[in-house]
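Examination of the molecular architecture
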Amino acid sequence: MFANRIAIITGGGSGIGRAAAQLIAKQGGSVIVADQSLANAKETVSLLGSGQQQQHLALEVDVSKSDSVSHLFNEVPKAYGSGAVATLLANCAGITRDGWMIDMSEEAFSKVMDVNVKGTFLTTQAACKRIVDSKSSNGGSIVNFSSVSAKIANLGQVNYVASKCAVEGLTRTVAREMGRHNIRCNAIIPGFIDTPMIRTVPEKVMEGIKKQTPLGRCGQAEEVAKAIAFFLSDQSSYVTGSLLHVWIHRYSNDPNLMEGIKKQTPLGRCGQAEEVAKAIAFFLSDQSSYVTGSLLHVSGGFAV
Ligand SMILES: NC(=O)c1ccc[n+]([C@@H]2O[C@H](COP(=O)([O-])OP(=O)(O)OC[C@H]3O[C@@H](n4cnc5c(N)ncnc54)[C@H](O)[C@@H]3O)[C@@H](O)[C@H]2O)c1
């Protein structure tokens, strides 16, 4: 599926990125594993099989630094020959620095934005420039990472949630701007996937999460890697700007369903019919004179 293609996988030294590197190599691609940990990137490369036309590379890269990203992309022609271009990019590098919004340091906020948002921007921009300059008729494909946390506005992750919402917006804009160059850009929204990133979540909390997941378990990195391969391959040739959920919503099978729903509602209670009536009156009156086509949640925060 990826014969004669070069794929850059950031964050390829661990978790989802490592599984993606393994799958893409298995399917014939040459993989550049770019990670801030060179040792982990090398370990990933040691796990990759390679056929005659394949060559894999491990590079130490900090995606949040433009010099480091330039170095990464400049290595491609050096390693694969002049004119060689990486047309496939999976932006798996990502970090968390959790804490309550009210106590969060500026450093924790900026660090997460730098890696998750700026890092995705820098590598995406570098990849697109080179693909466009190469005038390759194959175009290219980029996969970014949002998170279930962005969908449920996860508590204690205001920096991470903001960063993943930003990645979704970036993905859609890149898709619109780069479509005319046949460069596609999509994002995956993983649920809870069993990688080092979530191994700090307490066992009890994980049990609760599993109960709220209809499949009753965390996902595996290999399952997300299959979605990455879909987006990077020709299988998704008419898919761009899309956001793919690799998770299922948090509605519970709990027999105490109503209690569970209340617990998941920030205001901690069901709404009253009168409260919906106030919203109806707002829409029907002149109070909403410049409001049209809008969808208003009257959910106590449940649907946020
Ligand atoms: N695991 C999950 O449950 C989950 C859920 C939703 C979204 N995600 C997202 O999926 C992506 C992959 O996550 P994962 O679970 O494989 O995490 P992971 O922690 O296993 O791997 C992340 C990798 O990124 C690398 N990295 C961190 N900062 C970097 C930087 N500045 N430059 C280069 N590399 C850097 C790390 O060294 C690590 O190898 C992330 O964007 C994450 O936010 C994961």
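Our structure's up above, just so we're on the same page.
Residues numbered from 1 in each chain as written. Predicted model: local features only at pLDDT ≥ 70, side-chain atom pairs only at ≥ 80, totals over all residues.

Considering the overall build of the protein chain
- Across its full length, the protein chain holds 10 helices and seven strands.
- Radius of gyration (C-alpha) of the protein chain: 21 Å, near the 19 Å computed for a compact globule of 304 residues.
- Along the three orthogonal principal directions, the C-alpha set of the protein chain runs to about 70 × 45 × 40 Å.
- Put simply, the protein chain has 304 residues, and 38% of those count as buried.
- Contacts spanning at least 24 positions in sequence make up 71% of the contacts within the protein chain whose residues lie at least 6 apart. (Helix = DSSP H or I, 4+ residues; strand = E, 2+ residues; numbered from the N terminus. Rg over C-alpha atoms; globule rule 2.2 N^0.38 Å. Buried ≥ 20, exposed ≤ 12 C-beta atoms within 10 Å, placed from the backbone. Contact = placed C-beta atoms within 7 Å.)

A closer look at the packing of helix H4 (residues 106-134) against helix H6 (residues 158-178)
- Their axes nearest at 9 Å, the elements H4 and H6 cross at an angle of 15 degrees. The orientation of H4 relative to H6 falls into the category roughly parallel. Like other packed secondary-structure pairs, H4 and H6 cross with a definite hand, here right-handed. Residue-level inspection shows Ala108, Phe109, Val112, Met113, Asn116, Val117, Thr120, Phe121, Thr124 and Cys128 of H4 in contact with H6, the latter providing Asn159, Tyr160, Ser163, Lys164, Ala166, Val167, Leu170, Val174 and Met178.
- Per-class residue counts for the contact of H4 with H6 are 13 nonpolar, five polar and one charged. (Axes fitted to C-alpha atoms, helices over the stretch in contact; angles between N-to-C directions. Parallel < 35°, antiparallel > 145°, perpendicular 65-115°, else oblique. Left-handed = near helix turned anticlockwise from the far one by under 90°. Nonpolar A, V, L, I, M, F, W, Y, C, P; charged D, E, K, R; others polar.)

Points about the environment of leucine 47
- With respect to the element layout, leucine 47 can be found in the loop between helix H2 (38-46) and strand E3 (57-60).
- The exposure class assigned to leucine 47 is partly exposed, which follows from the 13 C-beta atoms found within 10 Å.
- Sequence separation of leucine 47 and glycine 11 is 36 residues, and the distance between their C-alpha atoms is 15 Å.

Description of the sheet that holds strand E5 (residues 140-145)
- With respect to topology, seven strands assemble into an open sheet ordered E3-E2-E1-E4-E5-E6-E7, the strand pairing being parallel. Every other strand in the sheet has two partners, leaving E3 and strand E7 (243-246) as the edge strands with one partner each. Pairwise comparison of adjacent strand axes, ignoring direction, gives a mean angle of 20 degrees for this sheet.
- The sheet contact formed by E5 and strand E6 (residues 183-190) spans six bridges and is parallel. If you follow glycine 140 over to E6, its bridge partner there is isoleucine 183.
- Along the sheet, H2 makes contact with strand E2 (30-35) and E3, crossing E3 at roughly 170 degrees.
- Packing of H4 onto the sheet brings it into contact with strand E1 (6-10), strand E4 (88-91), E5 and E6, and relative to E4 it is tilted by some 175 degrees. (Pairing = 2+ DSSP bridges.)

A look at the site of the ligand
- Taken together, 31 residues form the shell around the ligand, and within it Gly11, Ser14, Gly15, Gly94 and Thr195 come nearest.
- Where the shell around the ligand is concerned, the elements lending two or more residues are helix H1 (15-26) and H4.
- For the shell around the ligand, the element with the most residues is H1, which contributes three residues.
- Counted by class, the shell around the ligand contains 15 nonpolar, 14 polar and two charged residues. (Near = placed C-beta within 6 Å.)

Focus: unusual backbone geometry
- Even without being a glycine, asparagine 4 presents a positive backbone phi close to 60 degrees.
- If you trace the backbone, asparagine 4 turns up in the segment before E1.
- Non-glycine residue asparagine 182 carries a positive phi angle of around 60 degrees.
- Of note, asparagine 182 is situated in the loop between H6 and E6.
- Given 17 C-beta atoms within a 10 Å radius, asparagine 182 is considered partly exposed.

Concerning the packing of helix H3 (residues 66-80) against H4
- Relative to each other, H3 and H4 sit at 35 degrees, their axes nearing to 10 Å. The way H3 lies across H4 gives a crossing that is right-handed. Packed against H3, whose contacting residues are Ser66, Val69, Ser70 and Phe73, the element H4 presents Leu122, Thr123, Ala126 and Arg130 at the interface.

Brief notes about the environment of glycine 51
- Relative to the elements of secondary structure, glycine 51 occurs in the loop between H2 and E3.
- Of the residues examined, glycine 51 has 10 C-beta atoms within 10 Å and is grouped as exposed.
- Spatially, the C-alpha atoms of glycine 51 and glycine 29 are 9.2 Å apart, while their sequence positions differ by 22 residues.

Taken by themselves, the reported measurements are silent on function.
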